[in-house]
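# A look at the structure
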Amino acid sequence: MDNQDHQKERKPLLYIQTANHVMEEIRKRKLQSHDLVPSEGEIAKLYGVSRMTAKLALQILEKKGIVYRHARRGTFISADYQHTHSGEQMLEKVIEEKKPIRRIALVIPNMDDYIGRIITSVEKEAREANCHLLIRMTWDKEDESICLQELYDDQVEGIILYPRGSTQCSEKVLELSLLNYPLVIIDRIFREVQIDCVYHDHYQGAYKTTQYLIEKGHQEIGYLSMAFDGVTSREDRYRGYLQAMLDHDLPVNSRNIYLSCSEDYMHQLNAPNVQLASFLGNNSALTAVVCADDYIAASCLYTAISMQILVPDHLSIIGFTDIQLASLLPVPLTTARQATEKLGQAAVQRVVKRMDNSRERALTIKIDTTIVERSSVRPNVIK
């Protein structure tokens with residue numbers, strides 16, 4: 001059964017179904033104004049539901065003015081019900097106003113400050129969209145595929161996926177896409193397949209940070225990144241740096257660019273990084289450096305401090321993402337902030353739209369970044 005068929009066959013919640021049954025009983029018994037309606041206990045026995053479900057069903061009918069309740073006496077048909085309402089029309093309105101809550105899932109690769117903020121924004125928007133949010137954390141790429149299949153098999157209506165450092169679309173993602181299943185990718189873009197993606201405009205963000213340094217008078221501007229390994233966000237940030245330099249007629253010196261930072265520094269950010277120490281030692285003319293993310297920027301900052309390079313007096317450093325650590329460094333980091341609230345909102349809105357129309361054309365939605373000014377950048381006075 002595809003997702004559209006599943007949506008069509010979804011039944012109203014149990015207490016709404018029970019309210020329907022009570023209305024049928026009212027019509028069958030031809031009850032008139034002030035006639036006694038079956039009690040909660042009777043309803044529970046008649047339809048095999050709990051007393052709580054029976055109570056909720058009667059509350060719906062009371063709210064709609066179909067019945068009224070009298071303490072210790074029971075529930076009765078409203079005085080003006082026969083004159084102002086059609087039972088069937090009334091029930092249709094009840095069902096329209098109380099739509100079933102749909103389930104969506106957010107699949108994440110790990111938990112850090114950035115992803116935590118994404119979860120918060122997705123949860124908030126999911127509630128606004130009358131959706132329950134399920135969260136699954138994956139351990140590796142194989143487990144990611146298993147999670148996606150389990151959620152699909154469990155008839156979860158839509159999935160928002162933060163891929164595990166994916167360099168290309170996995171077979172499971174491709175399979176779900178071909179089924180027109182509502183799946184939205186966040187923080188990545190897969191160019192080889194038509195699929196909904198919501199991600200930050202990494203190109204424009206890096207362009208802005210580089211331009212920001214140029215406007216502060218910097219010309220010898222370096223660039224630091226982990227290896228691209230097919231990760232589009234890293235590629236886009238580097239292209240943004242290059243384009244900003246070219247647009248401002250500044251030479252792009254390959255000596256000022258290091259694109260092979262290993263991830264070893266992640267285990268101890270406040271320790272000197274051998275790779276970065278070599279890079280900074282061989283590029284004494286640099287007055288500023290653009291870092292592909294805040295973790296590299298933090299490692300660069302601690303490495304500079306260990307080499308007695310004053311930040312920002314001798315070297316300005318700018319990061320990307322605005323993780324919580326950025327404001328807590330010895331020199332608070334100027335960085336490009338990725339608006340997680342907008343990312344979460346757009347992802348939920350997109351997956352809900354897909355759930356309503358699974359055959360709509362796939363979209364790529366870019367979320368803009370803003371620069372957060374702190375203390376790691378200062379103007380460069382050209383002598």
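To keep things clear, this report deals only with the structure shown in the data block. (Residues numbered from 1 in each chain as written. Predicted model: local features only at pLDDT ≥ 70, side-chain atom pairs only at ≥ 80, totals over all residues. Heavy atoms only, no water.)

### With respect to the overall build of the chain
- Along the backbone of the chain there are 14 helices and 15 strands.
- Computed over C-alpha atoms, the radius of gyration of the chain comes to 29 Å, more than 25% over the 21 Å expected from 2.2 N^0.38 for 383 residues, which places it beyond the range of a compact globule.
- Overall, the chain is about 95 × 40 × 35 Å in size when its C-alpha atoms are taken along their principal axes.
- Residues counted as buried form 49% of the 383 residues belonging to the chain.
- Put simply, 72% of the contacts in the chain that link residues at least 6 apart link residues at least 24 apart.
- Carbon and sulfur atoms make up 48% of the accessible area of the chain, which amounts to about 19,200 Å² in all.
- Between the averaged position of the 46 positive side-chain charges in the chain and that of its 51 negative side-chain charges there is a distance of 6 Å. (Helix = DSSP H or I, 4+ residues; strand = E, 2+ residues; numbered from the N terminus. Rg over C-alpha atoms; globule rule 2.2 N^0.38 Å. Buried < 20%, exposed > 50% of the residue type's maximum accessible area, 1.4 Å probe, protein only. Contact = heavy atoms within 4.5 Å. Areas by Shrake-Rupley, 256 points an atom, 1.4 Å probe, with all protein chains shown as cover. Lys, Arg positive; Asp, Glu negative; His and termini not counted. Charge placed at Lys NZ, Arg CZ, Asp CG, Glu CD.)

### Some remarks on the sheet that holds strand E8 (residues 196-200)
- The strand order across the open sheet formed by 6 strands is E5-E4-E6-E7-E8-E14, and the pairing between neighbours is parallel. Single-partner strands in this sheet number two, and they are strand E5 (131-137) and strand E14 (364-367). Ignoring strand direction, the axes of neighbouring strands in this sheet form an average angle of 20°.
- Sheet topology places strand E6 (residues 158-161) next to strand E7 (residues 183-186); 3 bridges connect them, and they run parallel. Bridge pairing in E7 links Ile160 to Val184. (Pairing = 2+ DSSP bridges. Axes fitted to C-alpha atoms, helices over the stretch in contact; angles between N-to-C directions.)

### Brief notes about the state of the cysteines
- Counted according to the given criterion, the structure contains 0 disulfides.
- Free of any disulfide, Cys147 has its nearest cysteine sulfur in Cys169, 16 Å distant.
- Since its relative accessible area comes to 1%, Cys147 is described here as buried.
- No disulfide involves Cys169; its nearest neighbouring cysteine sulfur is the one of Cys197, lying 8.8 Å away. (Disulfide = S-S within 2.5 Å.)

### Here we look at the nonpolar core
- If you look at the biggest cluster of nonpolar residues, it comprises 39 residues, and the most contacted ones within it are Leu213, Ile221, Leu224, Tyr241, Cys291, Cys300 and Ile317.
- At the level of elements, helix H10 (202-215), strand E9 (221-226), helix H11 (232-247), strand E10 (257-261), helix H12 (274-281), strand E11 (288-291), helix H13 (294-306) and strand E12 (316-321) are the ones that each hand at least two residues to this core.
- Per element, the largest residue contribution to this core is 6 residues, and it comes from H13.
- Apart from the residues within four sequence positions on either side, Ile221 is in contact with Thr210, Leu213, Ile214, Tyr241, Met245, Asn256, Leu286, Ala288 and Val290.
- In terms of nonpolar packing, the next biggest core, distinct from the first, is built from 24 residues, Ile115, Val122, Leu133 and Val351 among them. (Core = buried A, V, L, I, M, F, W, Y, C linked by side-chain atoms within 4.5 Å.)

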